[in-house]
There are 2 protein chains.
Amino acid sequence: MNIGEVSTRAGLPAKTIRYYEEIGLIAAPRDTNGYRNFGAAELHKLTFLGRARALGFSIADCRALLALYEDQGRASADVKRIAQQHLARIDAKIADLRAMQDTLSGLVTACAGDHRPDCPILRDLGGTA
Amino acid sequence: MNIGEVSTRAGLPAKTIRYYEEIGLIAAPRDTNGYRNFGAAELHKLTFLGRARALGFSIADCRALLALYEDQGRASADVKRIAQQHLARIDAKIADLRAMQDTLSGLVTACAGDHRPDCPILRDLGGTA
DNA sequence: ATAAGCCTTCCTGCAACTGGAAGGTCAAGG
DNA sequence: CCTTGACCTTCCAGTTGCAGGAAGGCTTAT
């Protein structure tokens, strides 16, 4: 399988796959012509990576998760810890965004949005000045 | 006011203030010794920027908002449009994160987290393999 | 022979800073 | 007068996770 095919099958851009190889996340054996030649195992790993990334795991987390995935003697506790930490980061991010959303939606509602210069949004940003 | 004082008063790191000057977001007049010397107006602008950034506005948005802030003849509609677009981006981000949160919390709950290798999280990422 | 459609590497850029090195300036203390 | 320490300066590199594009090689079909 060349990179194009693996790209469509894994649902990842070729650029991303090359990048993953570059940072040592996956291996990509070469043909004599220099082309990358992927097998089923690498496709599987790339699909794994795609899902993990879609769940927001960092590359560092992905590396750890992939290692655990390959390790038949792993402890599920190690996987769970990573997932929990990530979940905590997500929760925190949502909380931050919600705070912004609250403030902003209030301001947007309060703003007339017409031709006049008076604007509660700018008033708020400027410190009620 | 030197950069240190303006930094504490605006609540922004000195590095950030230098960066804002570098990208032309603010001006920073110099003393004869080369030190930046800020006046009340610049402090005010930096505070404005700090609040806008805290609400998640991009630097590009901040630049536009700051211009509108300074423009006495602005239309509040222009401000509102920027804020609404940003709000939409925030809504979308929250939706994304919530989807991740949903999936992940389910997986985390399902994972025993003990010494055994069996793990629903890895099973899911690996495509039920 | 040539054109299209793959593939390769390498370099740059994005957002918004942060950290650190190397060095100038200033006020206080001995 | 000298030193110490806290400021300040510029410049360069790194962060995250790729994307865009140039310059060129391989393959297949016409």
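Scroll up for the structure.
Within each chain, residue numbers correspond to sequence positions counted from 1 in written order. Written order determines the labels here, with chains lettered from A and ligands numbered from 1. Reporting in this predicted model follows two pLDDT cut-offs: at least 70 for local features of residues, and 80 or more for side-chain atom pairs to be given and counted; totals over whole chains, interfaces and linings ignore these cut-offs and use all residues.

### Some details on the protein's contact with DNA strand C
Near, for a residue, is defined by distance from a backbone-placed C-beta atom to a molecule or strand, with 6 Å as the limit that must not be exceeded. Lining the immediate surroundings of DNA strand C are 17 residues, of which Gly-4 and Arg-36 of chain A together with Asn-33, Ser-58 and Ile-59 of chain B lie closest. Secondary structure elements are taken from DSSP: a helix is a run of H or I of four residues or more, a strand is a run of E of two residues or more, and numbering for both begins at the N terminus. Per-element tally for the surface near DNA strand C: the top contributor is helix 2 (residues 14–22) of chain B, with three residues. Nonpolar residues are Ala, Val, Leu, Ile, Met, Phe, Trp, Tyr, Cys and Pro. Charged residues are Asp, Glu, Lys and Arg, and all others, Gly as well, are polar. Residue classes in the surface near DNA strand C are distributed as seven nonpolar, six polar and four charged.

### Examining the relation of the copies chain A and chain B
One copy of the chain maps onto the second through a rotation around an axis plus a translation along that axis. When the copies are superposed, the least-squares fit takes in the C-alpha atoms of residues with a pLDDT of at least 70 in both. By a simple turn and slide, chain A fits onto chain B: the slide is 0.0 Å along the axis, the RMSD is 0.1 Å, and the turn is 180 degrees. Here the transformation between the copies is reduced to the relation of a two-fold axis. For chain A, the residue whose C-alpha comes nearest the rotation axis is Ile-94 of chain A, separated from it by 3.0 Å. By definition, residue pairs are in contact when their C-beta atoms, positioned from the backbone, come within 7 Å. Mapped onto chain B, 100% of the interface residues of chain A are again interface residues, and the two copies thus contact each other with one and the same surface.

### Some thoughts on the protein's contact with DNA strand D
Neighbouring DNA strand D are 16 residues; Ser-58 and Ile-59 of chain A together with Asn-2, Gly-4 and Arg-36 of chain B lie closest to it. Examining the composition of the surface near DNA strand D, we find that three residues originate from one element, helix 2 (residues 14–22) of chain A, more than from any other. When its residues are assigned to classes, the surface near DNA strand D shows six nonpolar, six polar and four charged.

These values are about where atoms sit, not about what they do.
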